[in-house]
Amino acid sequence: MRVVMIGPPGAGKGTQARLLQERFGVPQISTGDMLRDAECRDTPLGREAHRFMSAGQLVPDEVVIGVVEERLQCPDASRGFILDGFPRTLAQARALEAMLERRGVVLTGVVEILVPQEELVRRLSGRLVCRGCGAMYHRDSNPSPAGAACGKCGGELYQRDDDRPAQIQARLTNLAREIAPVIGFYRASGLLRPVDGLGTVEDVFARITTGLG
Ligand code: AMP
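For clarity, every value in this text was computed on a predicted model and none was experimentally measured.

Basis of the calculations
- Residues numbered from 1 in each chain as written.
- Predicted model: local features only at pLDDT ≥ 70, side-chain atom pairs only at ≥ 80, totals over all residues.
- Heavy atoms only, no water.
- Near = heavy atom within 4 Å.
- Polar contact = N/O pair within 3.5 Å; in protein donor to acceptor, adjacent residues only side chain to side chain.
- Areas by Shrake-Rupley, 256 points an atom, 1.4 Å probe, with all protein chains shown as cover.
- Helix = DSSP H or I, 4+ residues; strand = E, 2+ residues; numbered from the N terminus.
- Nonpolar A, V, L, I, M, F, W, Y, C, P; charged D, E, K, R; others polar.
- Buried < 20%, exposed > 50% of the residue type's maximum accessible area, 1.4 Å probe, protein only.
- Pairing = 2+ DSSP bridges.
- Salt bridge = Lys/Arg side-chain N within 4 Å of Asp/Glu carboxyl O.

Asker: Hey, could you run me through the site of the ligand in this one?
Answerer: The full set close to the ligand counts 13 residues, and Thr-31, Arg-36, Gln-57, Gly-85 and Gln-92 are the nearest of them. Measuring from a nitrogen atom of the ligand, one finds a side-chain N or O atom of Thr-31 at 2.8 Å. A distance of 3.0 Å separates an oxygen atom of the ligand from a polar atom in the side chain of Arg-36. Expressed as a share of its isolated accessible area of 480 Å², the protein-covered part of the ligand is 83%. Among the elements that take part in the shell around the ligand, helix 2 (residues 31-40) stands out by supplying four residues, more than any other. Each residue belonging to the shell around the ligand can be placed in one class, and the counts come to six nonpolar, five polar and two charged.

Asker: Help me out: how do you make sense of the pairing of strand 1 (residues 2-6) in this one?
Answerer: Here is the key point about a regular strand: its side chains alternate between the two faces of the sheet. Among the five residues in strand 1, five count as buried, and that is most of the element. Of the two faces of strand 1, the one lined by Arg-2, Val-4 and Ile-6 and the one lined by Val-3 and Met-5 are each fully buried. Looking at chain direction, strand 1 and strand 3 (residues 81-84) are connected through four bridges and run parallel. Within the sheet, the bridge partner assigned to Met-5 lies in strand 3 and is Asp-84. Where strand 1 and strand 4 (residues 109-114) come together, four bridges link them in parallel fashion. When the bridges of strand 4 are listed, Ile-6 appears paired with Glu-112.

Asker: Would you explain the pattern of salt bridges in this entry?
Answerer: Where side chains of opposite charge bring their charged atoms close, a pairing between them can arise. Inspection of every chain in the model, using the stated rule, returns 10 salt bridges. For Arg-123, the salt bridge identified is with Glu-119, shortest N-O distance 2.8 Å. Remark: Glu-119 and Arg-123 occur in helix 6 (residues 117-124); sequence separation between them is four residues, near one turn of the helix. When salt bridges that share partners are traced, they join Glu-119, Arg-122 and Arg-123 into one network.

That's the geometry; what it means functionally is another story.
As structure tokens, then:
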């Protein structure tokens, strides 16, 4: 199973990717998680990524493509993967295609999770981020086990300026514009599987597995 998950923040992409990982025994590969981890460990990659991530910008294609290429060479990805947060640009989508072609494999499908904007605003306005390591929580659905502090590093949790309701709408519109070429690319190749992201986690998971056939 080789799957790409696409969806705005708050659509439940990470949750569904983890469920697919459990069901099919292939790793969830989240570029956001890998970059945050590198940031946390203060590696050269982490320091470079931090410049862009802290400004709310995409990390340059060549950096992220290199990270994914290396990760896909790990033995646990030989039977497949669930990519979460990659590709985000057309250049990344083309690079992924080339990587898979070199291995003589193809994508099983590209799952696009669809959630109406007002529901995303509701979900995202509860998000809290750690000032220390960038870990993310949600006031209601994923609270930190350490209360007002980060469960991973003990850092202070805060609400990002762009997670305030007034800012979220603008951010979602920008993100949708940014990902549109990638969606077009996969629609044209017949790989796109749009899935309704409303309902319980189990409902959405059932739709995804049906869509992937
Ligand atoms: P995420 O957790 O997927 O929202 O990613 C958090 C941040 O990591 C993004 O805002 C980007 O700065 C960076 N990032 C994650 N994935 C990518 C990607 N595929 N291309 C460029 N930047 C990325």
